[in-house]
Amino acid sequence: MPDHILLVEDDPRLAEMLTEYLSQAAFRVTHAPNGRAALEHITAGDIDAVILDLMLPDMDGLDVCRQLRAISDIPVLMLTARGDAIDRIIGLEIGADDYLPKPFEPRELLARLRAILRRRVEHRHQPDGAARHDAEFLRFGRLEIDPAAHAARLDGVSCELTAYQFDLLLVLARHAGRVLSRESLMDLLKGEPLEAFDRSIDVHMSRIRAAVEDDPKKPRRIITVRGAGYLFAKVQD
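Residues numbered from 1 in each chain as written. Predicted model: local features only at pLDDT ≥ 70, side-chain atom pairs only at ≥ 80, totals over all residues. Heavy atoms only, no water.

### Quick notes on helix α2 (residues 35-44)
Then comes step 1: Among all positions in α2, only Gly35, Ala37, Ala38, Leu39 and Ile42 are buried.
Then comes step 2: On its buried side, α2 packs onto β1 (4-8), β2 (28-32), β3 (49-53) and α3 (61-71).
Then comes step 3: With a side-chain oxygen positioned 3.3 Å from the backbone nitrogen of arginine 36, the residue opening α2 is asparagine 34.
Then comes step 4: Immediately beyond the C-terminal end of α2, within one or two residues, lies glycine 45, with a positive phi of roughly 90°. (Buried < 20%, exposed > 50% of the residue type's maximum accessible area, 1.4 Å probe, protein only. Helix = DSSP H or I, 4+ residues; strand = E, 2+ residues; numbered from the N terminus. Contact = heavy atoms within 4.5 Å. Polar contact = N/O pair within 3.5 Å; in protein donor to acceptor, adjacent residues only side chain to side chain.)

Okay, here's the thing in structure tokens:
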């Protein structure tokens, strides 16, 4: 059964073009012209990923994303107008997995869509047994990272992270004490190409800090090394 994509887009010409393009790429596509229709489809189930335009006629796309996250963890790829940096930041913070500014190349949209779907499949097939490397439980002072449960906890309280943000945190933690450049992080994240994600990685890192740091403005767990990348501290508390 091909993956079922919900395309939330009010521009009928763009929606028709994307529906045809994604159908040729072996996806099953349902088009929702507004936010209310989108939420109805999501509530009904059977959706594997959402392509969400933030400019909708009946409600703000960010509100759609927020309501979607309250009922589902399906991947969300936002489409944003060029220059709407604040919308991209807010969208990532409330749970979108990635964003793509308009205008865009359909091939880039397809690459990003396949990447967020691939991550979802990998999360569903986490191996059982703590003996496996992928399921090793990690503890750094008051911060616990549980790959098997795909969860992070600070002082026993769950940290609110998207799937992609958890993957970033896990990569950093497994290489504690080493400075990882953006290129290294992308290579370790299943070899995804840097050009597809480097514009959002700093926003994701800020969201991770907000979840795991006592004071995100003075981080002690995830440290920026200027000109080099990010370092996850071995000793934190």
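Now that the structure is up, let's keep going.
### Examining the UniProt feature "modified residue: 4-aspartylphosphate" (unreviewed entry) in the protein chain
Then comes step 1: If you check UniProt for "modified residue: 4-aspartylphosphate" (unreviewed entry), the listed places come out as Asp53 in our numbering.
Then comes step 2: Along the polypeptide, aspartate 53 turns up in strand β3.
Then comes step 3: Ignoring sequence-local partners within four residues, the contact set of aspartate 53 consists of Val8, Glu9, Asp10, Gly61, Leu79 and Lys102. (UniProt positions renumbered as here; feature names shortened; annotations may be inferred.)

### Considering the sheet that holds β3
The strands making up a sheet are joined through hydrogen bonds of the backbone, oriented either antiparallel or parallel.
Then comes step 1: Taken together, the 5 strands give an open sheet; going across it, the order is β2-β1-β3-β4-β5, and neighbouring strands pair in parallel fashion. Each edge of the open sheet is held by one strand with a lone partner, namely β2 and β5 (98-102). Across the sheet, the mean angle from the axis of one strand to that of its neighbour is 20°, orientation sign disregarded.
Then comes step 2: Relative to β2, β1 is paired through 5 bridges, and the arrangement is parallel. Counterpart to histidine 4 in the pairing with β2 is arginine 28.
Then comes step 3: Packed on one face of the sheet, helix α4 (residues 85-93) meets β4 (76-81) and β5 and runs near 165° to β4. (Pairing = 2+ DSSP bridges. Axes fitted to C-alpha atoms, helices over the stretch in contact; angles between N-to-C directions.)

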